Amino acid sequence: KIIPIILSGGVGSRLWPLSREHYPKQCLPLTDKEYSLLQQTLLRTQSLEVGNPIVVCNEDHRFLIAQQLQSIGVKKSSILLEPKGRNTAPAIALAAFETQRTQSEIAELSDTLMLVLPADHVIRDIAAFEETITQAVELAKKGALVTFGVQPTCPETGYGYIRSGEDFAVAEFVEKPNLEKAQAYLESGEYLWNSGMFLFSAKAYLDELSAHRNDIFQSVQNAYQQRSEDMDFVRIDAQLFAECPEESIDFAVMEKTKKAKVVPYHGDWSDIGAWDALYDYSDKDSDQNVLLGDVMSEGSSNCLIRSESRLVAAVGVKDLVIVETADAILVMDKNNAQDVKKIVKRIQTED
Ligand code: GDD
Ligand code: MG
């Protein structure tokens, strides 16, 4: 049996003004009219043999997330509430303890695997996704920590790079290399991007975490033991969890473990981090525009324009992102999409 573990810690501030502190990007219907990224992530697993999902998220998003799960028909889940995120190594460790607890109650622990999925990735090719997972199951059952490798298309420095050896072995895992290295990895043709999705048993992950970062293992264990439960919500002890070192699974475990395996994934995959990525991912009209909502264009091209509440008209402009919401409007050169973060920071500090 496979337990979907959904990592839903971020806010996605580069997608402001649509994403807000209390309405993170994974809860928005960004690429689909009906379902949010989080809902799409769960729906994607429905044809695999899956158990009740575990979502790890910030305390502030609990009702929003509970409601989104309910509205896609999830009857029972564990929603692990982090008072403050400590990055993915602790978040996944919490989910591993929760998996051990809930599955041991039904005596199925030995063949239970955790399928760790970021809540904010987009995948359209469900068949390729399922095929890759099925391949990975065999490796994970034997105790491997399986990652899914994506063919790189540019020297992106925000990703992990994996060189694969024989029989799916990971010969090398390098998290977020500098540009020079990323360029060399890309040119060598020997590296895959780490997709950020993982498959392993709770025991395999916790064993490797305690072998390589026992400090993280111990503090998560302490914080988890002092949890309080309230229906599907599992609240983690704030003080103890705050003592946990902040680190990603990639640096804490995947770069160090000898049990890593990589299964190539050949379908589409996108991590919609900023408005330009959403533009690239979306279908365009004949002027290469992506127009969403009540929008009119005359002679504009290469733009992403999204309206939430009013008519937005764009005349003769190029390469712009325009996002209209009830209380804020963003007008931006598409090439500066990463800088939205700076505005969000200013809003937070100048308030
Ligand atoms: N619950 C919880 N708590 N979730 C978290 C936390 C946390 O403290 N921190 C991050 N997450 C969630 C994010 O919301 C996202 O869905 C996922 O975990 C990955 O975190 P990112 O912060 O987006 O990681 P990244 O993009 O820098 O790098 C990872 O993903 C890349 C692919 O997108 C790494 O795994 C890279 O190796 C990989 O290439
Ligand atoms: Mg990411």
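### Side note on the site of ligand 1
Inference 1: Not every one of the 25 residues close to ligand 1 is listed here, only the nearest: Asn-87, Glu-175, Lys-176, Asn-194 and Asp-271.
Inference 2: A distance of 2.6 Å is found between an oxygen atom of ligand 1 and a backbone nitrogen or oxygen belonging to Asn-194.
Inference 3: Here an oxygen atom of ligand 1 and a side-chain polar atom of Asp-271 are 2.8 Å apart.
Inference 4: For ligand 1, the accessible surface in isolation is 730 Å², of which the surrounding protein chains cover 83%.
Inference 5: Looking at the shell around ligand 1, the elements with two or more residues in it are strand E1 (2–8), helix H3 (88–105) and strand E9 (191–200).
Inference 6: With three residues, E9 is the single largest residue contributor to the shell around ligand 1.
Inference 7: Of the residues belonging to the shell around ligand 1, the class tally is seven nonpolar, eleven polar and seven charged.

### Focus: the side chain of Ser-307
Inference 1: In this fold, Ser-307 is placed in strand E16 (residues 304–307).
Inference 2: Judged by relative accessible area, Ser-307 falls into the buried class, the value being 9%.
Inference 3: Other than its neighbours up to four places away in sequence, Ser-307 contacts Leu-292, Gly-293, Asp-294, Val-295, Val-312 and Glu-324.

### Section: the sheet that holds E16
Inference 1: Spatial ordering of the open sheet is given by E14-E16-E18-E19, a layout of four strands whose pairing is mixed. The strands lining the two open edges of the sheet, one partner per strand, are strand E14 (290–292) and strand E19 (329–333). Adjacent strand axes in the sheet meet at a mean angle of 5° when their direction is disregarded.
Inference 2: Sheet analysis places strand E18 (residues 320–324) next to E19, joined by five bridges and oriented antiparallel. Looking across to E19, one finds that Glu-324 is bridged to Ile-329.

### Describing the pattern of salt bridges
For side chains of opposite charge, pairing can occur when their charged atoms come near one another.
Inference 1: The final tally for this structure, using the stated rule, is 19 salt bridges.
Inference 2: A salt bridge links Arg-101 to Glu-98, with the shortest nitrogen-to-oxygen separation between them at 3.0 Å. Here Arg-101 and its partner Glu-98 are both found in helix H3, three residues apart, which amounts to about one turn of the helix.
Inference 3: Using a relative accessible area of 0% as the deciding quantity, one classes Glu-98 as buried.
Inference 4: Residues Glu-175 and Lys-176 are paired through a salt bridge, measuring 2.8 Å at the closest nitrogen-oxygen approach.
Inference 5: What you see here is one network of salt bridges that share partners, running through Glu-98, Arg-101, Arg-227 and Glu-229.

### Digging into the domain arrangement of the protein
Inference 1: When its domains are assigned, the protein resolves into domain 1 (2–271) and domain 2 (275–350).
Inference 2: Taken over C-alpha atoms, the centre of domain 1 sits 30 Å from the centre of domain 2.
Inference 3: Listed as interface residues are 17 residues of domain 1 and, on the opposing side, 18 residues of domain 2.
Inference 4: Between domain 1 and domain 2 lies a buried interface of about 1,700 Å² when both sides are counted; carbon and sulfur atoms form 62% of it.
Inference 5: Of all residues in domain 1, Arg-14, Trp-16 and Leu-18 give up the largest surface area on contact with domain 2, accounting jointly for 41% of the area buried on that side.
Inference 6: Linking domain 1 to domain 2 there are one salt bridge.
Inference 7: Across the pair Arg-20 and Asp-327 runs a salt bridge, and its minimum N-O distance is 2.9 Å.
Inference 8: Across the contact surface, domain 1 and domain 2 share five residue pairs in polar contact (both at pLDDT 80 or more).
Inference 9: Tallied by class, residues from the side of domain 1 that touches domain 2 come to eight nonpolar, three polar and six charged.

Reading the values: the criteria
- Throughout this document, residue positions are counted from 1 along each chain, in the order its sequence is written.
- Here chains are named by letter from A upward and ligands by number from 1 upward, in the order in which they appear as written.
- Per-residue local features are limited, in this predicted model, to residues with pLDDT of at least 70; the limit for side-chain atom pairs, both in listing and counting, is 80 or more; totals at the level of whole chains, interfaces and linings are taken over all residues.
- Side-chain metrics in this entry use all non-hydrogen atoms of the structure; hydrogen atoms and water are not considered.
- Residues are counted as near a molecule or strand when any one of their heavy atoms sits within 4 Å of it.
- A 3.5 Å cut-off defines polar contacts: any pair of N or O atoms within that distance qualifies, except that in protein one atom must be a possible hydrogen donor and the other a possible acceptor, and neighbouring residues in sequence count only when both atoms are side-chain atoms.
- Reported accessibility uses the Shrake-Rupley method at a 1.4 Å probe radius. Residues are deemed covered only where the shown protein chains occlude them.
- For helices the rule is a DSSP run of H or I covering at least 4 residues; for strands it is a run of E covering at least 2, with both sets numbered from the N terminus onward.
- The nonpolar class holds Ala, Val, Leu, Ile, Met, Phe, Trp, Tyr, Cys and Pro. Asp, Glu, Lys and Arg form the charged class, and all remaining residues, Gly among them, are polar.
- Burial classes follow relative accessibility: with a 1.4 Å probe on protein chains only, a residue under 20% of its type's maximum area counts as buried, one over 50% as exposed, and anything between as partly exposed.
- Here a residue-residue contact requires only that any non-hydrogen atoms of the pair lie within 4.5 Å.
- Two strands qualify as a pair provided DSSP detects at least 2 bridges between them.
- Axes, fitted as lines to C-alpha atoms, cover a helix only where it is in contact. Angles between the N-to-C directions of the axes lie from 0 to 180 degrees.
- The salt bridge criterion pairs a side-chain nitrogen of Lys or Arg with a carboxyl oxygen of Asp or Glu, the two atoms within 4 Å.
- Throughout the structure description, domain borders are defined by an automatic or database domain assignment.
- Put simply, buried area is how much 1.4 Å-probe accessible surface two parts lose in total, over both of them, once they are put together.

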